[in-house]
Amino acid sequence: AVVSTQSGHYGRGIWFGLNKFGHGDFNTSIRYCNEVLAQNSYMVGSKLSLADMSVYAGLKSNHSFNIVLSKGLCGSNLTRWFQHVSNISEFQASVADMPLSGRKAPKDGKKAADNTLKEEGGKFVELPGATHGNVVVRFPPEASGYLHIGHAKAALLNQYYQQTFEGKFVMRFDDTNPAKENVEFEKIILEDIALLNIKYDKFSFTSNYFPDMLKYAEEMIRKGLAYVDDTDAATMKDEREKRTESANRSNSVAVNLQKWQDMVAGTDYGRTCCLRAKIDMQSDNGCLRDPTIYRCKNEAHPRTGTKYKVYPTYDFACPIVDSVEGVTHALRTTEYHDRDVQYYWFIDQLGIRRPCIWDFARLNLTHTVLSKRKLAWFVEQGLVSGWDDPRFPTVRGVMRRGMTVEAFKQFVILQGSAKSVVQMSWDKIWTINKKIIDPIAPRFTGLAKQGLVPVTVTGVSDHSKNCAKHPKNTEVGEKEVHYGSKVLLEGEDAAALTPGQMVTMINWGNMVVDHIATSGQ
């Protein structure tokens, strides 16, 4: 009823706004509006009408819609229309007079919104033990390169749960390795987080907790849960694969403390050592075969300078900082699954608060490299213009190519937070992007320079006039179109013409092909 331009249907459009959104059938109504607005700028035709007012008022006063809108799950067409009419002051003044402001939110509003989340996207699992207002999530990237779309998925998933439970989002840089930490990358990553419209409640660095971790490391040595090992890297790797214990594993606490002091001081001997957790060298899980938790590096840290000579590994630092910062749910990709037992081992042995880990599938795109190390190689070899090259799968790269944040979010929502690993095609994300930008993108005409064919148009004088930049959205603006007796066509289009054929020229109208002169005639 709403899509009809006949005056007799305006009444039904008003009925739709007054009744549909307030009395059930919520998901169907949302889908219907998106279908209508896919072909129209407004609910009825190309101009504002009472139908727009009634539907807007019905949505504005609907609790379920407000929940779905805040999560960006209304659909691109309905979102575009709602934001547009919300900015028209005269429209708002008229809507304010409509008798809808006193309507109560439906009791099943949250349920309707939750159903919409499920229908519009993939499977979002319930976080174990999550309670409203008490969920704390974190996003802890290493500042060793630009964020790619795999990182964007992780960040947006954390944001999704933070917003769903109205909790807190911790933005933390994992700066445990001074050799990889780059202040410039930190700046870029924070800018990318802003580009993704992610707002964090707390900002921190793992290095803020270096003093605490040193105390925990020494505590583990004193409890016999860690030992200093001076075995060379190649031998250590071989022993771990063969499940052979290191000769240093049985050293006394006193010996380990002395060697630990050499590491902390950064002596020549200390630099040959590492601190290993004493877990289980016979475990089928390689992550439990006495992993390294501290290494000695005489390198300046961007934040702490030369104060420290030893630095914790990510696997040791992560559970400690998660616990200290109050993180309730640590979302990690399934590639970390084998390390989950190790994560909890550190937590339990140190007797600190236990966050909940939830694994989700990493983003896998066909024919796409997402390894920062491999992407860095392309940059270093000069094979691309930089980390923001439009061929790169970085946040900057795909946005430079034309990707929108809204498309990013919808793409992540389609995948959900399930653990099943699937190969995704780029076609999917670009299709989503097209649906978002198509209603608002201005239309211009361009021709390839090579192979142009001149065309003579009879009965047309040289002049120009303004035409709409978008055939279905006058709000996009106007462009100047020039007309004359001489125009150019691309060779491929000209080759398809035949005498007597009627063709349509955009912004011109219909023309009849009178005569075709080929080369040499």
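Below, the structure is looked at part by part.

What counts, and where the lines are drawn
- Residues numbered from 1 in each chain as written.
- Predicted model: local features only at pLDDT ≥ 70, side-chain atom pairs only at ≥ 80, totals over all residues.
- Heavy atoms only, no water.
- 1 Å grid on protein atoms, 1.4 Å probe; cavity = no way out; pocket = protein on both sides within 12 Å on 5 of 7 lines; lining within 4 Å.
- Points joined across faces, edges and corners; volume = space filled by probe spheres on them.
- Helix = DSSP H or I, 4+ residues; strand = E, 2+ residues; numbered from the N terminus.
- Nonpolar A, V, L, I, M, F, W, Y, C, P; charged D, E, K, R; others polar.
- Axes fitted to C-alpha atoms, helices over the stretch in contact; angles between N-to-C directions.
- Parallel < 35°, antiparallel > 145°, perpendicular 65-115°, else oblique.
- Left-handed = near helix turned anticlockwise from the far one by under 90°.
- Contact = heavy atoms within 4.5 Å.
- Buried < 20%, exposed > 50% of the residue type's maximum accessible area, 1.4 Å probe, protein only.
- Phe/Tyr/Trp six-rings, centres within 6.5 Å; stacked < 30°, edge-to-face > 60°.
- Lys NZ or Arg CZ within 6 Å of the ring centre and 35° of its normal.
- Core = buried A, V, L, I, M, F, W, Y, C linked by side-chain atoms within 4.5 Å.
- Pairing = 2+ DSSP bridges.
- Salt bridge = Lys/Arg side-chain N within 4 Å of Asp/Glu carboxyl O.

1. Things to note about empty space enclosed by the protein
Then, in step 1: The final tally for this structure, using the stated rule, is 3 cavities of 30 Å³ or more.
Then, in step 2: There is about 40 Å³ of room inside the largest cavity.
Then, in step 3: Taken together, Pro140, Arg172, Asp174, Thr206, Tyr314, Ala317, Cys318 and Val321 form the lining of the largest cavity.
Then, in step 4: Of the residues forming the lining of the largest cavity, the biggest block, 4 residues, is contributed by helix 13 (residues 314-324).
Then, in step 5: Residue composition of the lining of the largest cavity, by class: 5 nonpolar, 1 polar and 2 charged.

2. Re the packing of helix 13 against helix 14 (residues 340-350)
Then, in step 1: Axis separation between helix 13 and helix 14 bottoms out at 9 Å; the angle between their running directions is 60 degrees. Between helix 13 and helix 14, the angle is such that the two are oblique. Crossing of helix 13 against helix 14: the hand is right-handed. Two secondary-structure elements touch here, helix 13 through Asp315, Phe316, Cys318, Pro319, Ile320, Asp322 and Ser323 and helix 14 through Gln342, Tyr343, Phe346, Ile347 and Leu350.
Then, in step 2: When its residues are assigned to classes, the contact of helix 13 with helix 14 shows 8 nonpolar, 2 polar and 2 charged.

3. Some remarks on helix 14
Then, in step 1: Burial runs high along helix 14: 8 of the 11 residues are buried.
Then, in step 2: Tucked inside the fold, the buried residues of helix 14 contact helix 10 (210-222), strand 5 (274-277), strand 6 (292-296), helix 13, strand 8 (329-333) and strand 9 (356-360).

4. Points about the environment of Lys409
Then, in step 1: Here Lys409 lies in helix 17 (residues 405-415).
Then, in step 2: On a C-alpha basis, the gap between Lys409 and Leu196 in space is 8.5 Å, while along the polypeptide they are 213 residues apart.
Then, in step 3: Beyond its immediate sequence surroundings of up to four residues, Lys409 is in contact with Leu156, Gln159, Leu196 and Asn197.

5. Quick notes on the packing of aromatic side chains
Then, in step 1: One pass over the full model with this rule turns up 24 aromatic pairs.
Then, in step 2: With 6.5 Å between their ring centres and 55 degrees between their planes, Trp81 and Phe82 make a pair best called tilted. Grouping residues by exposure puts Trp81 and Phe82 together as buried.
Then, in step 3: Taking 5.4 Å as the distance between ring centres and 85 degrees as the angle between the ring planes, the aromatic pair formed by Phe210 and Tyr308 counts as edge-to-face. Separated by 98 residues along the polypeptide, Phe210 in helix 10 and Tyr308 in the loop between strand 6 and strand 7 (310-312) bring together distant segments of the chain.
Then, in step 4: The exposure class assigned to Phe210 is buried, which follows from its relative accessible area of 1%.
Then, in step 5: The exposure class of Tyr308 is buried, given its relative accessible area of 10%.
Then, in step 6: Taken together, the ring pairs in this structure connect Tyr146, Phe185, Trp377, Phe378, Trp387 and Phe392 into an aromatic cluster.
Then, in step 7: Sitting over the ring of Tyr344, Arg354 keeps its end group 4.0 Å from the ring centre.

6. Observations concerning the nonpolar core
Then, in step 1: If you look at the biggest cluster of nonpolar residues, it comprises 51 residues, and the most contacted ones within it are Phe139, Ile149, Ile193 and Phe408.
Then, in step 2: Setting aside its immediate chain neighbours within four residues, Phe139 contacts Leu147, His151, Ala154, Ala155, Phe169, Val170, Met171, Arg172 and Ile193.
Then, in step 3: With 39 residues, the next largest nonpolar core counts Met220, Phe316, Ala330 and Leu350 among its residues.

7. Section: the pairing of strand 5
Then, in step 1: Burial of strand 5 is two-sided: the residues Cys274 and Arg276 facing one way and the residues Leu275 and Ala277 facing the other way are all buried.
Then, in step 2: For strand 4 (residues 226-229) and strand 5, the ladder comprises 4 bridges, and the chain directions are antiparallel. Across the sheet, the residue bridging to Asp229 is Cys274, located in strand 5.
Then, in step 3: Judged from the 3 bridges that link them, strand 5 and strand 6 form a sheet pairing that is antiparallel. Residue Cys274 lies in a different strand from strand 6, and its bridge partner there is Arg295.

8. Considering the sheet that holds strand 5
Then, in step 1: Taking strand neighbours across the sheet as the criterion, the 4 strands line up as 4-5-6-7 in an open arrangement whose pairing is antiparallel. Single-partner strands in this sheet number two, and they are strand 4 and strand 7. Within this sheet the neighbouring strands show an average axis-to-axis angle of 20 degrees, counted without direction.

9. Brief notes about the pattern of salt bridges
Then, in step 1: Summed over all chains, the structure comprises 22 salt bridges.
Then, in step 2: Where Arg396 meets Asp192, a salt bridge forms, and the shortest distance between an N and an O atom there is 2.5 Å. Taken together, the residues span a long stretch of sequence, with Arg396 in helix 16 (residues 395-400) and Asp192 in helix 9 (residues 183-195) at a distance of 204 residues.
Then, in step 3: Taking the relative accessible area as the measure of exposure, Asp192 reaches 0% and is therefore buried.

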